[in-house]
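Notes for the structure review
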Amino acid sequence: MQQRALGLWGALGTLATLATLAARAPGASAAPDLGLWPLPRSVRLSPRLLRLSPEDFALGLDPASKAGPSCVILQEAFRRYYDYIFGYYQRRRGPARFYTDSPLLQLVVSVVHDSECDAFPSLSSDESYALTVKGPVAVLKANQVWGVLRGLETFSQLVYQDPYGTFTINESSITDSPRFPHRGILIDTSRHYLSIKTILKTLDAMAMNKFNVLHWHIVDDQSFPYQSVTFPQLSNKGSYTPSHVYTPTDVREVIEYARLRGIRVLPEFDSPGHTESWGKGQKGLLTPCYDGERPSGAFGPINPALNSTYDFMSRFFSEVSKVFPDEFIHMGGDEVDPECWETNPDIEKFMRSRGFYKDFKKLESFYIEKVLNIIASQRKKSIVWQEVFDNEDKIQPSTIVQVWKDKDYPEEQARVTAAGHPVLLSAPWYLDYITYGEDWRTYYKVDPLRFSGSQEQKQRVLGGEACLWGEYVDSTNLTPRLWPRASAVGERLWSDEKVKSINDAYNRLTVHRCRMVRRGIAAQPLYVGHCEQEYKM
Amino acid sequence: MAYNKLNVLHWHVVDDPSFPYESLTFPQLTRKGAYNPITHVYTTQDVKDVIEYARLRGIRVLAEFDTPGHTQSWGPGVPGLLTSCYSGSQPSGTFGPVNPILNSTYEFMDTFFLEVSAAFPDFYLHLGGDEVDFTCWKSNPDIQAFMKKTGFGDDFRRLESFYIQELLDIVSTYDKGYVVWQEVFDNKVKIQPDTIVQVWREEVPVPYLKELELITAAGLRALLSAPWYLNRISYGPDWQAAYKVEPLAFEGTAEQKALVIGGEACMWGEYVDSTNLVPRLWPRASAVAERLWSASQVADLDFASSRLARFRCELLRRGVQAEPIGVGYCNEEFDHW
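Residues numbered from 1 in each chain as written. Chains lettered and ligands numbered in written order. Predicted model: local features only at pLDDT ≥ 70, side-chain atom pairs only at ≥ 80, totals over all residues. Heavy atoms only, no water.

**A look at the packing of aromatic side chains**
Residue and element names in this part refer to chain A. Following the criterion strictly, the structure yields 65 aromatic pairs over all chains and no others. Their ring planes at 90 degrees and their centres at 6.5 Å tell us that tryptophan 216 and phenylalanine 324 sit as a pair that is edge-to-face. Highlighted residues: tryptophan 216 in strand β9 (residues 213-217) and phenylalanine 324 in the loop between α9 (307-323) and β13 (328-332), separated in sequence by 108 residues. When sorted by exposure, tryptophan 216 lands in the same class as phenylalanine 324, which is buried. (Phe/Tyr/Trp six-rings, centres within 6.5 Å; stacked < 30°, edge-to-face > 60°. Helix = DSSP H or I, 4+ residues; strand = E, 2+ residues; numbered from the N terminus. Buried < 20%, exposed > 50% of the residue type's maximum accessible area, 1.4 Å probe, protein only.)

**Observations concerning helix α7 (residues 248-259) of chain A**
All names here are of chain A. Look at α7: 16 Å from first C-alpha to last across 12 residues, which is about the 16 Å you get at 1.5 Å a residue. Looking only at α7, the buried set comprises Asp250, Val251, Val254, Ile255, Ala258 and Arg259. If you follow the buried residues of α7, they end up packed against α3 (72-87), α4 (145-158), α5 (196-208), β9, β10 (264-271) and α9. (Expected span 1.5 Å × (residues − 1). Contact = heavy atoms within 4.5 Å.)

**Thoughts on empty space enclosed by the protein**
Taken as a whole and assessed by the stated rule, the structure comprises 3 cavities of 30 Å³ or more. In this structure, the largest cavity encloses a volume near 420 Å³. Put simply, the parts of the chain that give the lining of the largest cavity at least two residues each are α17 (478-482) of chain A together with α11 (277-281) of chain B. Of the residues belonging to the lining of the largest cavity, the class tally is 17 nonpolar, 7 polar and 8 charged. A volume near 60 Å³ is recorded for the second largest cavity. For the second largest cavity, the full set of lining residues is Phe120, Pro121, Ile255, Ile263, Arg264, Val265, Pro325 and Asp326 of chain A. Looking at the lining of the second largest cavity residue by residue, the class counts come to 6 nonpolar, no polar and 2 charged. (1 Å grid on protein atoms, 1.4 Å probe; cavity = no way out; pocket = protein on both sides within 12 Å on 5 of 7 lines; lining within 4 Å. Points joined across faces, edges and corners; volume = space filled by probe spheres on them. Nonpolar A, V, L, I, M, F, W, Y, C, P; charged D, E, K, R; others polar.)

**Quick notes on the UniProt feature "domain: Glycoside hydrolase family 20 catalytic" (unreviewed entry) in chain B**
Sites flagged by UniProt as "domain: Glycoside hydrolase family 20 catalytic" (unreviewed entry) map to residues 1-295 of chain B. This span, residues 1-295 of chain B, is 37% helix and 17% strand, and a straight line between its end C-alpha atoms measures 19 Å. (UniProt positions renumbered as here; feature names shortened; annotations may be inferred.)

**Looking at the layout of surface pockets**
Taken as a whole, the second largest pocket holds about 390 Å³ of empty space. Around the second largest pocket sit 20 residues that line it, and Ala522 and Tyr535 of chain A together with Gln321, Phe334 and Asp335 of chain B are the ones nearest its centre. Contributing elements (two or more residues each) for the lining of the second largest pocket: α5 and α17 of chain A together with α11 of chain B. Of the residues that constitute the lining of the second largest pocket, the class distribution is 8 nonpolar, 9 polar and 3 charged.

Right, dumping it as structure tokens:
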């Protein structure tokens, strides 16, 4: 950028800037200008303004807090949020220290109930918080450390710079808690490898939008990047190249990075379909397809007729259960094509011996039930795609069913919840299906409880996930494709059902989007417009 | 672009929402029209930098200053330039296209295009002329009077014609050639035979191949963009649809076909900025690039697919954030260290 000589041009320029900015000076009704996202349960803003200075303001702990100075989650969060609030304001350096009769000197954080500092977030984590912003000391109270993280994000969204560059916040009072406990993003690292950098950036963006589950669809037909310690040949033979792998260190890094943001990592090892890459490193695992009397050379789903299959799955899931600390494992179970099974004579023999006759659905169920039991014996709970339920496989009442097929999905939700199972909704939120225009509106308008059912049934909807399947997505385009479209899903899953105004959402989301860009997330535009600080490639 | 042998950057620099071009003869245009006159501006030096960077790569910079429509952002900086729309007998407070009946308009254009002609060394300037909404002109009593006086009656295309002709005359005096959007041709504006017409509408008023036929039959040169609006994204490998386009698949003589001098992939900016432009443009624009460079017989999709996948990895290796066209991998992935 060229150096500008001060003088007439400089003075005129500054005046023009101030005039432009003054015209947008925030007033009493600052809520849309703040761009709170997702909208908290209850927000009371007073017109009284408080000023913060980067030199004098601090995030601190209440001495009575159950989570103390040794709490790494909080220490990391304080550092991170201080940076989000003050760190990126490079161009318009406000006065660092100044006299004001309405300073905000501190945000004091207090964890009221269980520390959970060294624990992993779970489906039952308490993410509620209460934020009272009053000079000179604001207070953030939460039952658990997870609520503090959510509250810090909201606090950081309340702070803005006035036209003179002074960090400002309205006196306010916020209480907040999520509508749904499971708010996830699905990433697919098999169709395309995603760099760890991309995954960590995604976790950062998720935290800004109060998402709390990273559903890691880690392997599939096309490649097997997960480096298994028990079965190293799986990735040796199944990954795209030796550098397209996730080592145990990589996986640990993702899990800890997520934990510090209150995000669960839900691994999915999808079977018996979607497993072509598994066969490269584990001979005899997949079903050989036959061309008449002889093997054709092609392979199909995992072979459900062999004991060796279940020995393998048992040892494999024993490792997976140790590597991934979350209570749940997603075992897939979707889109099983019986074509290959139909050609294989050993499968035919096996089915006859079991009395399945020609019903391949029964064969599928046989496999699924055995794997679910394997997972249960590892003291993990299971999540499955809807086919497992649709095929009437015998599943535990606590098994979560993820509804992904778009046609008549509310009816599917009704069926699943009527049968007593918890549900995750993804069907209307396949973000890989890009279209021209503001499709975030369609995602925003989805009502996860728009199906006929009892109160009890509706309570079984645990939340949902925005899915970004990887056929056409990798590190070059993932971030702009996910954000801010997924933000629409994020608010639908966090905020109250009455938060529906699309126009208000547009006003807030454009501000929130610019905030993500400022923080280094390449969130794409919603529509025509600009951000004060555009993305630096 | 250079890696793809594309050789024209058509810079649609200003439009309704903002005016980021730093004008030295009319600084108010920038001051009042830019999103932010300090941060969201292309200074004279910026423009020079782009032109030289392009020149070193054998790329022409074709600047477009679209008028008389698409000019909302010009209004605040040049009061009286845009037509005042009327609600009955009173001004409604809103403004429409450039006012074609005032001498001041042409004085302004004269000075402004003198500056632009000097700032952009390419022989051609793109003068726009698309999507002129006649509603505001119709509502304005001064314009109504003008229409009666000149005998244009109710045909506002004749008024548009009048404006464009004046504009073309102005620009010709600066020894520039011009490119216009197809409406200028469709509305039967009297244009010089050396005008280049850019076809952007897929079906209206006729399918784009038919439009090419009509333009070239009139002896004018044409540029094709209609099937190459890359801002219109959809799920899947849509580069194939771009690749399958054959710009010369219309009824015409060899001389006519020679008048189709090429085309442009367009990346309109409603939903595009630095966060997503590069992956949205590449490698989809590469399909257009091959269609415009290589022989027409080079049309096999499978052959193109395997080459494009490898080429995309090469683009990545050279630091271009080109998105994937299908399942797979590159040895050196983006952002992977």
